[in-house]
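# An overview of the molecular structure
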Amino acid sequence: MLKKYLIVSKKILPDVYDKVIEARNLINNGSVKGISEAVKIVGISRSTYYKYKDYVFSPSENSIGRKAVISMMLRHEKGILSSVLNYMSQENANILTINQSIPINGKASVNLSLDISDIEKPIDDVITELKKLKGASSVKLLSVE
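Residues numbered from 1 in each chain as written. Predicted model: local features only at pLDDT ≥ 70, side-chain atom pairs only at ≥ 80, totals over all residues. Heavy atoms only, no water.

## A short note on the environment of A38
Here A38 shows up in helix α2 (residues 35–42). Given the relative accessible area of 0%, A38 is considered buried. Taking the C-alpha atoms as reference points, A38 and S83, separated by 45 residues in sequence, lie 36 Å from one another. Contacts of A38, omitting those with residues within four sequence positions, involve A23, L26, I27 and V32. (Helix = DSSP H or I, 4+ residues; strand = E, 2+ residues; numbered from the N terminus. Buried < 20%, exposed > 50% of the residue type's maximum accessible area, 1.4 Å probe, protein only. Contact = heavy atoms within 4.5 Å.)

This is the structure we're talking about:
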């Protein structure tokens, strides 16, 4: 399932990975105003944060490789969200939550939280296929645990 990922002890990795996760957590929980403030607090550069932010995640104790959060922009047209949901179903992903913003300028931000324990292909391949769907853009993997 997640052949491109490894589980590695933090003890053997540079501290920078842990600091990227800490900065992302500060941003996500609203403790800081933005990326500049977060990286200053944790002691890394903005370029370091951007280099690793999409590749370093902190797993929870009981559910390694079971959940993912995907963000995307969808055109505000009939059937586009449905095609995304159908694709995720075809890949055996179980949708846990759907958060969609009000469409502005013909596009809406959509975040999906998924149970990915039953998907058979790497999550990177799922993201690549989502990017190919009509009306979907800016598809990003926000987190995996």
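From this point, the discussion proceeds with the structure in view.
## A word on the packing of helix α1 (residues 15–28) against α2
The relative placement of two packed helices comes down to the angle between their axes together with the axis-to-axis distance. Contact pair α1 / α2: the axes reach a minimum separation of 9 Å and the direction vectors enclose 135 degrees. The angle between the axes of α1 and α2 places the two elements in the oblique class. In the packing of α1 onto α2, the handedness of the crossing is right-handed. In this structure, α1 contributes K19, E22, A23, L26 and I27 to the contact, and α2 contributes I35, A38, I41 and V42. Its residues assigned to classes, the contact of α1 with α2 shows 7 nonpolar, no polar and 2 charged. (Axes fitted to C-alpha atoms, helices over the stretch in contact; angles between N-to-C directions. Parallel < 35°, antiparallel > 145°, perpendicular 65-115°, else oblique. Left-handed = near helix turned anticlockwise from the far one by under 90°. Nonpolar A, V, L, I, M, F, W, Y, C, P; charged D, E, K, R; others polar.)

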